[in-house]
Amino acid sequence: MKRILTVALVFMLLFTFTSCGTGTLNRRKANPASDFLYKKHMDDDDIYIVKYIGTAVDVVIPDSIDNKLVSGIGKHAFRNSDIKSVDIPKTVVSIGIEAFCECKNLETVKFGANTVGILERAFYNCTSLKEVYLPKTLRLLERDAFSGCTSLETLFVPASLTTQNLYPRERQPVVFNNTSSLKNIILEEGTSMLDIGTFYGCTGLTQISLPASLKTIAAGAFAYCKNLTEITFEGDAPKITGLYPGRKPFDLFGKYGWDYFDMDEYNEECRNVKIYYHPDKEGWDTTPLREFYTMVPIEE
């Protein structure tokens, strides 16, 4: 919790409490404090939610309780609850490990405008969740945060998620694994890199458009996206890092020590990808992507 709050203090000096496109304006009346168990942080006067004990299925988390800011949602706080929607206030900077894990009726999440960290398995197996618009202040997204969200169709990924913060624990990938319905991924302009395993296991993904700001893609960024057939690049040809001899850029991980995935049952790469690109942009004549994929110039 402390590591998230430290980053958050810097961010709060840079951002005003405004909506970031996640539905935080015109919030409904918050649930009463009696619906929550909560504790005070050890290092400041803020509090965090420990457990939801209310009965309402549509939850609006208050931004303060007992005149103290609610700045975090703790580990397992809503796990296995029957809630259908949750509105997270702009005061919350951290969503803890498995905070909403196994909330199988959860359909709608409205993030606060200052959420900085979403920790491991925070929304794991939320099988009714259809849309996720990650807040533009998000700096940390950990392993399996949205894995198992089998109804997830639309995902917005902000440019604030950097490669250094996407997988801080031993470079472990897999954040959206087993999201078989995910077909619409929106990467915010300003995104500069896709790290190893960024969209690992998004088997419902058939096409994606990558912003002009994208400069680097790590080999394996789309590993096990076995139905991906079209990637459109809006800018220059990206640098491909971590290429391994004999591997295609969007195969599994090779160089990074993931060779146990070489078994045939896992080794379903992006076999038939077509790369759409603007020929007036730089680097497309020499990109290593030409060695492996069908290149289709976009006619202006």
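Owing to the predicted nature of the structure, the values given are computational and were not obtained by experimental measurement.

Participant: I'm lost on the overall build of the chain in this one. Help?
Facilitator: Looking only at helices and strands, one finds two helices and 20 strands in the chain. Per-residue burial for the chain yields a buried fraction of 52% across its 300 residues. Contacts spanning at least 24 positions in sequence make up 49% of the contacts within the chain whose residues lie at least 6 apart. Carbon and sulfur atoms make up 48% of the accessible area of the chain, which amounts to about 13600 Å² in all.

Participant: What's the story with the sheet that holds strand β19 (residues 274-277) in this structure? I'm lost.
Facilitator: Strands in a sheet are paired, the pairing made by backbone hydrogen bonds, and the direction either parallel or antiparallel. In space, the four strands of this open sheet follow the order β15-β17-β19-β20, with parallel pairing throughout. Strands at the two margins of the open sheet, each flanked by one partner only, are β15 (207-210) and β20 (294-297). Pairs of neighbouring strands in the sheet enclose a mean axial angle of 20°, with direction left out of account. Strand direction decides the pairing type here: β19 and β20, joined by four bridges, are parallel. Paired with lysine 274 across the two strands is threonine 294, which belongs to β20.

Participant: It is not clear to me how the nonpolar core should be interpreted in this structure. Could you clarify?
Facilitator: Grouped burial of nonpolar side chains is what soluble globular proteins tend to show. If you look at the biggest cluster of nonpolar residues, it comprises 67 residues, and the most contacted ones within it are Phe78, Phe100, Phe146, Phe199 and Phe222. Here this core takes three residues from strand β2 (residues 47-52), the largest share from any one element.

Participant: What's the story with the sheet that holds strand β16 (residues 216-218) in this structure? I'm lost.
Facilitator: Spatially, three strands are ordered β14-β16-β18 in an open sheet, and the strand pairing comes out parallel. A strand with exactly one partner marks an edge of an open sheet, and here the two such strands are β14 (193-194) and β18 (239-241). With two bridges joining them, β14 and β16 adopt parallel strand pairing. Bridge pairing links methionine 193 to threonine 216 in β16.

Participant: Looking at this model, I keep getting lost on the packing of aromatic side chains. Mind explaining?
Facilitator: The final tally for this structure, using the stated rule, is 13 aromatic pairs. Feature note: the residues Phe36, Tyr52, Phe78, Phe100, Phe111, Phe123, Phe146, Phe176, Phe199 and Phe222 constitute an aromatic cluster, connected by ring pairs.

Participant: Help me out: how do you make sense of the environment of phenylalanine 111 in this one?
Facilitator: Within the secondary structure layout, phenylalanine 111 lies in the loop between β8 (108-110) and β9 (117-118). Relative accessible area serves as the criterion here: at 1%, phenylalanine 111 is assigned to the buried category. Taking the C-alpha atoms as reference points, phenylalanine 111 and valine 93, 18 residues apart in sequence, are found 9.8 Å from one another.

Participant: Is there a simple way to explain the environment of leucine 187 in this structure?
Facilitator: Secondary-structure assignment places leucine 187 in strand β13 (residues 184-187). Apart from the residues lying within four places of it in its own chain, the contact partners of leucine 187 are Val157, Leu194, Phe199, Leu210 and Pro211.

Participant: Explain unusual backbone geometry here, please?
Facilitator: In terms of backbone geometry, most residues other than glycine have negative phi values and most peptide bonds are trans. In this structure, asparagine 67 is a non-glycine residue whose phi angle is positive, near 65°. With respect to the helices, strands and loops of the structure, asparagine 67 is situated in the loop between β4 (64-65) and β5 (68-73). Classification of asparagine 67 by relative accessible area gives exposed; the value is 81%. Phi at asparagine 178 takes a positive value of approximately 60°, unusual for a residue other than glycine. Exposure remark for asparagine 178: the relative accessible area of 41% places this residue in the partly exposed category.

Participant: How should the pairing of β2 be read in this particular structure?
Facilitator: Consecutive residues of a regular strand have side chains that alternate between opposite faces of the sheet. As judged from the five bridges shared by strand β1 (residues 36-40) and β2, these two strands associate in the antiparallel manner. Pairing of lysine 40 across the sheet is with isoleucine 47, part of β2. In this antiparallel pair of consecutive strands, β1 and β2, the connection spans six residues. Of the pairings in the sheet, the one linking β2 to β5 comprises three bridges and is parallel in character. Across the sheet, residue isoleucine 49 finds its bridge partner in β5, namely isoleucine 73.

Participant: Just checking my understanding: could you explain the side chain of threonine 287 for this structure?
Facilitator: Among the structural elements, threonine 287 can be located in the loop between β19 and β20. Ignoring sequence-local partners within four residues, the contact set of threonine 287 consists of Ala237 and Met295.

Participant: I keep staring at the pattern of salt bridges and nothing clicks. Help me out?
Facilitator: Oppositely charged side chains may form a pair once their charged atoms are brought near each other. Applying the stated criterion to the full structure yields seven salt bridges. Among the ionic contacts, a cluster of salt bridges with common partners joins Arg79, Glu98, Glu120 and Arg121.

Participant: For this particular structure, what's the right way to read the pairing of β15?
Facilitator: Here β15 shows a buried face lined by Ile208 and Leu210 and an unburied face lined by Gln207 and Ser209. Alignment of β15 against strand β17 (residues 230-233), held across four bridges, turns out to be parallel. The partner of serine 209 across the bridge, within β17, is threonine 232.

Cut-offs applied
Residues numbered from 1 in each chain as written. Predicted model: local features only at pLDDT ≥ 70, side-chain atom pairs only at ≥ 80, totals over all residues. Heavy atoms only, no water. Helix = DSSP H or I, 4+ residues; strand = E, 2+ residues; numbered from the N terminus. Buried < 20%, exposed > 50% of the residue type's maximum accessible area, 1.4 Å probe, protein only. Contact = heavy atoms within 4.5 Å. Areas by Shrake-Rupley, 256 points an atom, 1.4 Å probe, with all protein chains shown as cover. Pairing = 2+ DSSP bridges. Axes fitted to C-alpha atoms, helices over the stretch in contact; angles between N-to-C directions. Core = buried A, V, L, I, M, F, W, Y, C linked by side-chain atoms within 4.5 Å. Phe/Tyr/Trp six-rings, centres within 6.5 Å; stacked < 30°, edge-to-face > 60°. Salt bridge = Lys/Arg side-chain N within 4 Å of Asp/Glu carboxyl O.

Remember, this is a structural readout, not a statement about activity or role.
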